Amino acid sequence: MSQYETILVEKQSDGVTLVTLNRPKALNALNSQVLGELIEAFADYDGDDSQRCLVLTGSEKAFAAGADIKEMQDQGFADMYKANFFGGWEKVTATRKPWIAAVAGYALGGGCEVAMMADFIIAADSAKFGQPEIKLGVTPGMGGSQRLTHAVGKAKAMHMCLTGEMMGAEEALSSGLVAKVVPADKLLDEAMATARTIAGMAPLAAMANKEMVNAAYEMTLAEGIKFERRLFHGLFGTEDQSEGMKAFVEKRPGNWKGK
Ligand code: CAA
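Please read these numbers as outputs of a predicted model, since none were measured by experiment.

## A word on the overall build of the protein
Alright, step 1. Each helix and strand in the protein was counted, giving 12 helices and 10 strands.
Alright, step 2. Scaling as 2.2 N^0.38, a compact globule of 259 residues should have a C-alpha radius of gyration of about 18 Å, and the protein matches this with 19 Å.
Alright, step 3. Along the three orthogonal principal directions, the C-alpha set of the protein runs to about 60 × 45 × 40 Å.
Alright, step 4. Residue pairs at least 24 apart in sequence account for 66% of intrachain contacts in the protein once pairs closer than 6 positions are excluded.
Alright, step 5. Computing the positive centroid from 27 side-chain charges and the negative centroid from 33, the protein places the two 4 Å apart.

Written out as structure tokens, the structure reads:
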């Protein structure tokens, strides 16, 4: 049972946590309550050894149509600056275990930005990504200008931010924004199956793979390669490394301990 009001959280026995944004009347607009509940749910997931992958999804019509415009409209600079508005999303991106965004329908503004915070996105063929903040007289504020540019390159990111036009699922796939596109009615099945695959891997190796791929955004190639090698060496201090290699030689699946 979920103790939250704006999200639903289901922890499954196969190690996958499903989090569903649940403000359907507002197309899952991301207000402060949603953020607060997501921070709590993601921290709980990260600290729960029984859970090894998480899927974040929305509704058929909207993953999320952005930050809540009604909550922001009367704010001034002092309010936003003092509250470090949106700063809390860094707690979500600090999640060390893997998580996937399963996106159908609108992923606009903050919705697109949250999807891009995930380790990867699986999209329904109905998905529409966009950064329409310019039409509200502002800019992305949850990392969109940076993550979108990293994902699709300057030309497409600049075009999307300056025109507010949406990008469909197929273009998102060919541009590198999403990992996979599936028919809308298969979205959750596909995302959950992928999450179960990841949940079946050695947990420390999953965390380390995530950490090193993310390091590619922050480091030079030489630093990143060194970082990768040190972390790779470090895994040779884990029981799961010896178990994984032994299991391969014995032609059986690994029995992971997460240590
Ligand atoms: N914030 C608050 N409420 C929102 C919302 C948002 N981002 N998006 C939709 N809603 C609300 C609408 O106000 C409407 O509520 P009422 O029934 O009370 O009027 C309800 O959700 C349904 O929306 P629509 O009637 O507009 O639905 P539609 O099917 O006609 O249009 C849409 C869908 C094209 C997604 C349209 O809702 C829309 O353009 N939404 C806003 C998209 C946007 O500008 N997002 C960026 C927000 S700013 C941001 O995210 C900043 C940042 O960088 C983080």
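Let us keep going from here.
## Quick notes on the side chain of Thr238
Alright, step 1. Its place among the elements puts Thr238 in the loop between α11 (221-235) and α12 (239-249).
Alright, step 2. At 3.2 Å, the side chain of Thr238 and the backbone nitrogen of Gln241 are in polar contact.
Alright, step 3. Residues within four places of Thr238 in sequence aside, it is in contact with Leu204 and Lys259.

## Overview of the packing of aromatic side chains
Centre distance and the angle of the planes are the two values used to describe a pair of aromatic rings.
Alright, step 1. Going through the model one piece at a time under the given rule, you end up with 4 aromatic pairs.
Alright, step 2. When the centroid spacing of 5.1 Å and the interplanar angle of 70° are considered together, the rings of Phe232 and Phe236 count as edge-to-face.
Alright, step 3. A residue is classified by how much of its surface remains accessible, and Phe232, at 44% relative accessible area, is partly exposed.
Alright, step 4. The exposure class assigned to Phe236 is partly exposed, which follows from its relative accessible area of 42%.
Alright, step 5. If you follow Lys97 out to its NZ or CZ, it ends over the ring of Tyr45, 5.0 Å from the centre.
Alright, step 6. The ring of Tyr106 is capped by Lys128, whose NZ or CZ atom sits 4.9 Å from the centre of that ring.

## Brief notes about the domain arrangement of the protein
Size of an interface, as often reported, equals the accessible area lost when the parts are brought together.
Alright, step 1. Domain boundaries assigned for the protein yield domain 1 (7-200) and domain 2 (203-250).
Alright, step 2. Each of domain 1 and domain 2 has a C-alpha centre, and the two are 26 Å apart.
Alright, step 3. Contact with domain 1, which involves 8 residues of that partner, is made by 7 residues of domain 2.
Alright, step 4. When domain 1 packs against domain 2, the two sides together hide about 680 Å² of surface, and 61% of this comes from carbon and sulfur.
Alright, step 5. With a closest N to O distance of 3.1 Å, Asp119 and Lys210 form a salt bridge.
Alright, step 6. For the pair domain 1 and domain 2, the interface holds 3 residue pairs in polar contact (both at pLDDT 80 or more).
Alright, step 7. Counted by class, the side of domain 1 that touches domain 2 contains 2 nonpolar, 2 polar and 4 charged residues.

## What to know about empty space enclosed by the protein
The method is simple in principle: a probe with the dimensions of a water molecule rolls over the atoms, and the space it marks as empty is what remains.
Alright, step 1. Applying the stated criterion across every chain yields a total of 1 cavity of 30 Å³ or more.
Alright, step 2. Counted as a void, the largest cavity has a volume near 30 Å³.
Alright, step 3. Lining the largest cavity, in full, are Arg52, Lys97, Pro98, Ile198, Met201, Ala202, Pro203 and Ala206.
Alright, step 4. Grouping the constituent residues of the lining of the largest cavity by class yields 6 nonpolar, no polar and 2 charged.

## Digging into the layout of surface pockets
Alright, step 1. Roughly 1,200 Å³ of internal volume is contained in the largest pocket.
Alright, step 2. Residue lining of the largest pocket: 42 residues in total, with Met117, Ala118, Asp119, Asn214 and Tyr217 positioned closest to the centre.
Alright, step 3. At the level of elements, α4 (89-93), α5 (110-117), β7 (120-124), α6 (144-152) and α10 (203-215) are the ones that each hand at least two residues to the lining of the largest pocket.
Alright, step 4. Ranked by residue count, the leading element in the lining of the largest pocket is α10, at 9 residues.
Alright, step 5. For the lining of the largest pocket, the residue count by class is 24 nonpolar, 11 polar and 7 charged.

## What about the site of the ligand?
Alright, step 1. Close to the ligand lie 25 residues; Lys61, Ala67, Gly110, Glu133 and Gly141 are nearest.
Alright, step 2. Here an oxygen atom of the ligand and a backbone polar atom of Lys25 are 3.4 Å apart.
Alright, step 3. Separating an oxygen atom of the ligand from a side-chain N or O atom of Lys70 is a distance of 3.0 Å.
Alright, step 4. With the chains in place, 66% of the 980 Å² that the ligand exposes on its own is no longer accessible.
Alright, step 5. Looking at the shell around the ligand, the elements with two or more residues in it are α2 (69-72), β6 (106-108) and α5.

Conventions adopted
Residue indices begin from 1 for each chain and proceed along its sequence in written order. Local features in this predicted model are restricted to residues of pLDDT 70 or higher, and side-chain atom pairs are both shown and tallied only at a pLDDT of 80 or more, whereas totals for entire chains, interfaces and linings draw on every residue. Computation of side-chain values: all heavy atoms of the structure, hydrogens and water removed. Only DSSP runs of H or I with at least four residues qualify as helices, and only runs of E with at least two residues qualify as strands; both kinds are numbered from the N terminus onward. A radius of gyration in this sense is built from C-alpha atoms; the matching globule rule multiplies 2.2 Å by the number of residues raised to 0.38. Contacts between residues were defined by any pair of non-hydrogen atoms, one from each residue, lying within 4.5 Å. Only four residue types enter the charge count, namely Lys and Arg as positive and Asp and Glu as negative; His and the chain termini do not. Think of each charge as sitting on NZ of Lys, CZ of Arg, CG of Asp or CD of Glu. We define a polar contact as two N or O atoms separated by no more than 3.5 Å, with the added condition that, inside protein, one atom must be a possible hydrogen donor and the other a possible acceptor, whereas residues neighbouring each other in sequence contribute only through side-chain atom pairs. For Phe, Tyr and Trp, rings pair up if their centres lie within 6.5 Å, where Trp contributes its six-membered ring, and each pair is then called stacked (planes under 30 degrees apart), edge-to-face (over 60) or tilted (otherwise). The buried label applies to any residue whose accessible area, calculated with a 1.4 Å probe on protein chains only, is under 20% of its type's maximum; exposed applies above 50%, and partly exposed to all values in between. Charge-over-ring contacts are defined here by two conditions on Lys NZ or Arg CZ: a distance within 6 Å of the ring centre and an angle within 35 degrees of the ring normal. By convention here, the domain bounds are inherited from an automatic or database domain assignment. We define buried area as the total accessible area lost by two parts upon association, computed with a 1.4 Å probe and summed across both. Take a side-chain nitrogen of Lys or Arg and a carboxyl oxygen of Asp or Glu: if they are within 4 Å of each other, that pair is a salt bridge. Residues are grouped as follows: Ala, Val, Leu, Ile, Met, Phe, Trp, Tyr, Cys and Pro are nonpolar; Asp, Glu, Lys and Arg are charged; every other residue, Gly included, is polar. Using protein atoms alone on a 1 Å grid, points that fit a 1.4 Å probe yet trap it form a cavity, whereas open point sets bounded by protein on both sides within 12 Å along at least five of seven lines form a pocket; residues with an atom within 4 Å of a point count as lining. Grid points are joined across faces, edges and corners, and a volume is the space filled by probe spheres set on the points. In this text, near means that some heavy atom of the residue lies within 4 Å of the molecule or strand in question. Throughout, the Shrake-Rupley method with a 1.4 Å probe supplies accessible areas, and for residues the shown protein chains are the sole cover considered.

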